[in-house]
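The lines below spell out each chain.
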Amino acid sequence: MAQLEDAISNIVGLHELKLQLRKWAKGMLLDEKRRALGLKVAARRSPHMAFLGNPGTGKTMVARILGRLLHMVGIIPTDKVTEVQRTDLVGEFVGHTGPKTRKKIKEAEGGILFVDEAYRLIPMQKSDDKDYGLEALEEIMSVMDAGKLVVIFAGYSEPMKRVITSNEGFSRRVTKFFVFDDFNSEELAQIVHLKMNNQEIVSLLYGFKLHSSCTVEAIAKLIEKETTEKQRKEMNGGIVDPMLVNARENLDLRLDFECTDENDLVTITLEDLEAGLKSLTQ
């Protein structure tokens, strides 16, 4: 549970999802205890889900964290997440879609199949021609009761209603719906801190840090000042990476070649973040 809480701490917002994760984890651990005491308990069903929200709200990132967490508590045997879109599943001609979709399902076995922009599988309007997207959805539905993988359907809230109503078995199999709200300025500032504190060696920002003046409150005020509500809603967390990359470039621009202070060479200031945001929003 301590490992679980540590992983959950990297998710901003999404309180309902975090609560559900804690329930799953505790339930799985209690099932282990029940079996150890010789009690016979039913196996749990795969927790298929739908993630509803705008781009940049963290759906793909949370799916990856979820893969690690569900593996950690024993719901799935591996932590792999196979990300697919319509083009990965749907063929152009009769007979192409089934094998193409089944190949991706096989690839995802033991982990999570993450179907991004799932509403694109369902045509906007009914037509006489059979849409191959429906065939792909039916293939996925046909394996969801087998317990070999967890499926997450993701997309904008409104168009996802087409998916939910398109297949009578959808609501029976997908039992958890999580709404990913747009991030406010403070949450975006929290993401900036999380990103900077968890840089991987391949990242452009590896080895860099934020100046002590770059508090969550100060960054939130900066985001509020330099971006419009429309920009924040359209980009959400998509603001953070380019802002930080631009901020690093501004740091390089303002440093003198004679600078030898190790701290100054790797410290991003509020001034850099402001310049990074201006570059982005212009």
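Residues numbered from 1 in each chain as written. Predicted model: local features only at pLDDT ≥ 70, side-chain atom pairs only at ≥ 80, totals over all residues. Heavy atoms only, no water.

Looking at an unreviewed UniProt entry, one finds the chain named AAA+ ATPase domain-containing protein and attributed to Papaver nudicaule.

Participant: Lay out the side chain of Arg 232 in plain terms, naming residues and giving numbers.
Facilitator: Residue placement: Arg 232 occurs in helix H11 (residues 229-235). Relative accessible area serves as the criterion here: at 11%, Arg 232 is assigned to the buried category. Within polar-contact distance, the side chain of Arg 232 engages the backbone oxygen of Thr 227 at 2.9 Å. If we skip the residues at most four places from it in the chain, Arg 232 touches Ser 185, Leu 188, Ile 223, Glu 224, Thr 227 and Ile 239. (Helix = DSSP H or I, 4+ residues; strand = E, 2+ residues; numbered from the N terminus. Buried < 20%, exposed > 50% of the residue type's maximum accessible area, 1.4 Å probe, protein only. Polar contact = N/O pair within 3.5 Å; in protein donor to acceptor, adjacent residues only side chain to side chain. Contact = heavy atoms within 4.5 Å.)

Participant: A description of the packing of helix H9 (residues 185-197) against helix H12 (residues 240-254) should follow, citing residues and the corresponding values.
Facilitator: Running from amino to carboxyl end, H9 crosses H12 at an angle of 60°, the nearest separation of the two axes being 10 Å. Considered as vectors, H9 and H12 are oriented oblique to each other. The element H9 and its partner H12 pack so that their crossing is right-handed. Here Leu 188, Ile 191, Val 192, Lys 195 and Met 196 of H9 come into contact with H12, specifically with Val 240, Asp 241, Met 243 and Leu 244. For the contact of H9 with H12, the per-class residue count stands at seven nonpolar, no polar and two charged. (Axes fitted to C-alpha atoms, helices over the stretch in contact; angles between N-to-C directions. Parallel < 35°, antiparallel > 145°, perpendicular 65-115°, else oblique. Left-handed = near helix turned anticlockwise from the far one by under 90°. Nonpolar A, V, L, I, M, F, W, Y, C, P; charged D, E, K, R; others polar.)

Participant: Help me get a handle on the nonpolar core, residues and values and all.
Facilitator: The biggest cluster of nonpolar side chains holds 27 residues, and the ones touching the most others in it are Met 49, Phe 51, Leu 66, Leu 70, Ile 112 and Ile 152. Among the elements of the structure, helix H1 (2-8), helix H2 (15-36), strand S1 (49-53), helix H3 (59-72), strand S3 (112-115), strand S4 (150-155) and strand S5 (176-180) are those that each provide at least two residues to this core. In terms of residue count, the dominant contributor to this core is H3 (six residues). With residues near it in sequence (within four places) discarded, Leu 70 still touches Trp 24, Pro 47, Met 49, Ile 75, Ile 76, Ile 112 and Val 150. (Core = buried A, V, L, I, M, F, W, Y, C linked by side-chain atoms within 4.5 Å.)

Participant: Got a sec to walk through a nonpolar patch on the surface? Specific residues and values, please.
Facilitator: Residues Ile 201, Val 202 and Tyr 206 make up a contiguous nonpolar surface patch of roughly 370 Å² in combined accessible area. Mapped onto the secondary structure, Ile 201 falls in the loop between H9 and strand S6 (209-210). Ile 201 gets classed as exposed once you look at its relative accessible area, which sits at 65%. (Patch = residues over 30% accessible without salt bridge, like charges linked within 9 Å, V, L, I, M, F, W, Y side chains within 5 Å. Areas by Shrake-Rupley, 256 points an atom, 1.4 Å probe, with all protein chains shown as cover. Salt bridge = Lys/Arg side-chain N within 4 Å of Asp/Glu carboxyl O.)

Participant: Now, about the pattern of salt bridges: what can you tell me, with residues and values included?
Facilitator: The full count for this structure, using the stated rule, is 20 salt bridges. As a salt-bridge pair, Arg 172 and Asp 145 come within 3.6 Å of each other at their nearest N and O atoms. One end of the pair, Arg 172, is in helix H8 (residues 170-173); the other, Asp 145, is in the loop between helix H6 (132-143) and S4, and 27 residues separate them in sequence. For Asp 145, a relative accessible area of 45% gives the class partly exposed. Across the pair Lys 195 and Asp 241 runs a salt bridge whose closest N-O atoms are separated by 3.3 Å. Taken together, the residues Lys 195 in helix H9 and Asp 241 in helix H12 connect sequence positions 46 residues apart. Given the relative accessible area of 39%, Asp 241 is considered partly exposed. The structure contains a network of salt bridges with shared partners spanning Lys 225, Glu 226, Glu 274 and Lys 278.

Participant: An account of unusual backbone geometry is needed here, citing residue identities and associated values.
Facilitator: The backbone of Glu 117 sits at a positive phi, close to 50°, despite the residue not being glycine. In this structure, Glu 117 sits in the loop between S3 and H6. Look at Glu 117 and you get partly exposed, because its relative accessible area is 28%. Although it is not a glycine, Asn 236 sits at a positive phi angle of roughly 50°. Locating Asn 236 in the fold gives a position in the loop between H11 and H12. Judged by its relative accessible area of 0%, Asn 236 falls in the buried class.

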